[in-house]
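Listed below, chain by chain, are the residues.
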Amino acid sequence: MKLLKSLCCILGLGAIMLVAGCTDEPVQTITPDDVVLGLRLDEVFQEKAYVRLTHDGSHEDFWYYMVTEDLLSDGEVLLAEKIAADLDEDGEIVGNVGVNKNITIENLAAKTDYRVIASRISPAGEMVGNVAELVFVTLRDPAVFERHPSWAIAYKERKVAAEDPDAETEVFECTTGGSLDTYVPCLLSKTDFEDSYGGDLRRCFEDYVAFRNLSNVKWMNVIKEGDSEHIEDRLRHGDYILFMIGIDAQGELTGYYAMTDCTIEQEAALDSYRKWIGKWTVVGKCKDQEIRYSVEISPEENNLYLRMAGWEHTSATEYFEALPYERPVLLYFEKSTGFVYVVSEEMKDFEDSALADFYDFYLYGCVEIMYGDELTEVPVDIPNIRIARFALADDNHAVATPEIFSFDLNGVHYDAPFLYFNYSYISMLYAGLVPVTTDSIVPRIDTMRLER
């Protein structure tokens, strides 16, 4: 339909209607009738939306609509003003016919509220029947994230359980300023954020969602609304980035986030922790063969972790002789007892890209079980398991005790002590674990002692 300000006649031209305006302003009053016009949202994108206009009048009835970001003003007044403005500028307005029509709205801004206002138009230029309205929000641009104006996340404290000094947690506070937008707290070391994601928020957040989805997370049970505390196991010292990531109940990123830099300070070392630091000799046997390794235990995270360099350095095959120094064994320090524990680990890749692509290195423990009619050594290829315990007899001597690994295999339950621990690798040539020391000729745990 074209509504012409200068003409005083009606010319029917299919879906185009030419209507004269006898005054400079269109009639703003609604002419009542029983026809009901409605709007519904069919689909919305970042820069486009499909809106469905329906009415139960005649197929030849003409109608007109407008799109605005004004969500507050009276819809009838806005539509009348739009008709008047179009007539003043162009001398005509373009209308439409049809009782069930798609309206394609383009050139929209992402993540923005819009309002569609529509009415039927009479040949006299009056708005007829009801004025229909629809408000919708365009989708956010997935490459754009914005800081939530009310969110904040901050480090609060390290909490130690009164009954157990080894039960340590880090507490973070999330505040929302009364906002009901949902989020999930998350934190990364600053190094990981830069090295793994190049500081790209989108890559980081999408990777977090994908990782949680792999475990079939129920987002409704994970997302937070309102103020909360986030708890993590004790962290190593260093620089971290704390996030509140906007996520809805369907696991979709909302585009909101909060981000705070945080530094966790190194604790002062306890005397019982410092006693382990220094050079030792590990002495033990494999069958009748005595084996000695000169090792050095160094601090990594005060009162939590140490590293032991030199394990297997005299027995590893020549190609891997640097491994015991470049990837020292992880030791966990127990505050309550002063014991240290050898912990299984998947080793970090080497800086040499060719070596990193060809080999994956591990420190695992092995147990011995009956397999058929024979005792068989079986590697336990699970990281973060305690394999052996070292206890100080005095300042210059310590003894080792194997930890117990409990598991079920082929309907049989085992409580098997770890026999030994050793470096091993998987290569591109062979997918099974290969010991760095030939035939795993390393000290058996129950024979080991440490001497200064």
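What you see is a predicted model, and the numbers here were worked out from it, not measured in a lab. (Residues numbered from 1 in each chain as written. Predicted model: local features only at pLDDT ≥ 70, side-chain atom pairs only at ≥ 80, totals over all residues. Heavy atoms only, no water.)

Chemist: Help me understand the overall build of the protein chain in this model?
Modeler: A tally of helices and strands in the protein chain yields 7 helices and 32 strands. Over its C-alpha atoms the protein chain spans a radius of gyration of 36 Å, topping by over 25% the 22 Å that the globule rule assigns to 452 residues. For the protein chain, the spread of C-alpha atoms along the principal axes amounts to about 115 × 45 × 45 Å. In the protein chain, buried positions account for 44% of the 452 residues. (Helix = DSSP H or I, 4+ residues; strand = E, 2+ residues; numbered from the N terminus. Rg over C-alpha atoms; globule rule 2.2 N^0.38 Å. Buried < 20%, exposed > 50% of the residue type's maximum accessible area, 1.4 Å probe, protein only.)

Chemist: Just to check I follow, could you spell out helix 1 (residues 75-90) for this structure?
Modeler: Note: α-helices contain 3.6 residues per turn, so residues at a spacing of three or four share the same orientation. The first and last C-alpha atoms of helix 1 sit 22 Å apart over 16 residues, in line with the 22 Å expected at 1.5 Å per residue. The opening residue of helix 1 is aspartate 74, an N-cap whose side-chain oxygen sits 3.1 Å from the backbone nitrogen of glutamate 76. (Expected span 1.5 Å × (residues − 1). Polar contact = N/O pair within 3.5 Å; in protein donor to acceptor, adjacent residues only side chain to side chain.)

Chemist: Teacher, can you tell me more about the nonpolar core here?
Modeler: Core analysis: the biggest nonpolar cluster contains 51 residues, and Trp276, Trp311, Val342 and Phe421 have the highest contact counts within it. Counting residues per element, this core draws most heavily on strand 30 (residues 412-427), which supplies 8 residues. Phenylalanine 421 has contacts with Trp311, Val342, Leu363, Tyr364, Gly365, Ile387, Ala388, Val442, Ile445 and Met448, leaving out every residue within four places of it along the chain. In this structure, Cys204, Tyr208, Ile241 and Leu253 belong to the second largest nonpolar core, which totals 21 residues. (Core = buried A, V, L, I, M, F, W, Y, C linked by side-chain atoms within 4.5 Å. Contact = heavy atoms within 4.5 Å.)

Chemist: Please clarify how the pairing of strand 7 (residues 62-68) should be interpreted in this entry.
Modeler: For a regular strand, side chains alternate in direction, first toward one face of the sheet and then toward the other. Where burial is concerned, most of strand 7 is hidden: 5 out of the 7 residues are buried. Sheet topology places strand 7 next to strand 8 (residues 96-97); 2 bridges connect them, and they run antiparallel. Bridge assignment links tryptophan 63 to a residue of strand 8, and that residue is asparagine 96. Direction of pairing for strand 7 relative to strand 10 (residues 113-121): antiparallel, over a ladder of 7 bridges. Pairing of phenylalanine 62 across the sheet is with isoleucine 121, part of strand 10. (Pairing = 2+ DSSP bridges.)

Chemist: What's the story with the packing of helix 2 (residues 190-197) against helix 3 (residues 201-214) in this structure? I'm lost.
Modeler: Between helix 2 and helix 3, the shortest axis-to-axis distance is 9 Å and the interhelical angle comes to 100°. By the angle between their axes, helix 2 is roughly perpendicular relative to helix 3. Each of Phe193, Ser196 and Tyr197 in helix 2 lies in contact with helix 3, whose residues at this interface are Leu201, Arg203, Cys204 and Asp207. (Axes fitted to C-alpha atoms, helices over the stretch in contact; angles between N-to-C directions. Parallel < 35°, antiparallel > 145°, perpendicular 65-115°, else oblique.)

Chemist: Would you take a moment to explain the packing of aromatic side chains for this structure?
Modeler: Aromatic ring pairs are reported here in terms of the distance separating the ring centres and the angle at which the planes meet. Applying the stated criterion across every chain, the model contains 31 aromatic pairs. For the ring pair phenylalanine 45 and tyrosine 50, a centre distance of 6.0 Å and an interplane angle of 90° mean the geometry is edge-to-face. Taken together, a centroid distance of 5.2 Å and an interplanar angle of 85° make the contact between tyrosine 359 and tyrosine 425 edge-to-face. With a gap of 66 residues between them, tyrosine 359 in strand 25 (residues 359-371) and tyrosine 425 in strand 30 connect regions that are remote in the sequence. The buried category is assigned to tyrosine 359, whose relative accessible area is 13%. One aromatic cluster is present, formed by Tyr319, Phe320, Phe350, Phe358, Tyr359, Phe361 and Tyr425 through successive ring pairs. Positioned over the ring face of tyrosine 341 is arginine 386, at 4.5 Å from the centre of the ring. The residue whose ring lies beneath arginine 389 is phenylalanine 339, and the NZ or CZ to ring-centre distance is 5.2 Å. (Phe/Tyr/Trp six-rings, centres within 6.5 Å; stacked < 30°, edge-to-face > 60°. Lys NZ or Arg CZ within 6 Å of the ring centre and 35° of its normal.)

Chemist: Help me out: how do you make sense of the sheet that holds strand 6 (residues 49-55) in this one?
Modeler: Backbone hydrogen bonds hold the strands of a sheet together, and the pairing may be parallel or antiparallel. Spatial ordering of the open sheet is given by 5-6-9, a layout of 3 strands whose pairing is antiparallel. Among the strands making up the open sheet, the edge pair consists of strand 5 (37-44) and strand 9 (100-105). Ignoring strand direction, the axes of neighbouring strands in this sheet form an average angle of 25°. Taken together, the 7 bridges between strand 5 and strand 6 define a ladder with antiparallel strand orientation. Pairing of glutamate 43 across the sheet is with tyrosine 50, part of strand 6.

Chemist: Can you walk me through unusual backbone geometry in this structure?
Modeler: Most peptide bonds adopt trans geometry, and most residues besides glycine take a negative phi value. Phi at glutamate 312 is positive, roughly 70°, even though this residue is not glycine. By the element assignment, glutamate 312 lies in the loop between strand 21 (305-309) and helix 6 (323-326). By relative accessible area, glutamate 312 is classed as buried at 0%. Despite not being glycine, asparagine 384 has its phi angle at roughly 65°, a positive value. Following the sequence through the fold, asparagine 384 ends up in the loop between strand 26 (374-380) and strand 27 (386-394). You can call asparagine 384 exposed: its relative accessible area is 66%.

Chemist: So what exactly am I meant to see when it comes to helix 3 here?
Modeler: The terminal C-alpha atoms of helix 3, which comprises 14 residues, lie 20 Å apart, in line with the 20 Å expected from a rise of 1.5 Å per residue. Turning to helix 3, its buried residues number three or more, namely Leu201, Cys204, Phe205, Tyr208 and Val209. Along helix 3, the residues classed as buried sweep out an arc of 130° about the axis, all on the same side. In this structure, helix 3 carries Phe211 and Leu214 as exposed residues pointing more than 90 degrees from its buried face. If you follow the buried residues of helix 3, they end up packed against strand 15 (183-189), helix 2, helix 4 (219-222), strand 17 (238-247) and strand 18 (253-264). Where helix 3 terminates, the next one or two residues include asparagine 216, which has phi positive at roughly 55°. (Arc of directions from axis to C-beta.)

Chemist: Can you help me understand the pattern of salt bridges in this one?
Modeler: Pairing of side chains with opposite charge becomes possible as their charged atoms draw close. Counted by the stated rule, this structure contains 28 salt bridges. Here aspartate 42 makes a salt bridge to arginine 52, at a shortest N to O gap of 3.0 Å. Taken together, the residues span a long stretch of sequence, with aspartate 42 in strand 5 and arginine 52 in strand 6 at a distance of 10 residues. What makes aspartate 42 partly exposed here is its relative accessible area of 34%. Each of Arg158, Glu168, Glu170, Arg234, Glu267, Glu301 and Lys335 takes part in salt bridges that share partners, so that together they form one network. (Salt bridge = Lys/Arg side-chain N within 4 Å of Asp/Glu carboxyl O.)

Chemist: Please clarify how the sheet that holds strand 21 should be interpreted in this entry.
Modeler: Strand order around the closed barrel formed by 8 strands is 19-20-21-22-23-27-28-32, with antiparallel pairing between neighbours. With strand direction ignored, the average angle separating the axes of adjacent strands in the sheet is 30°.

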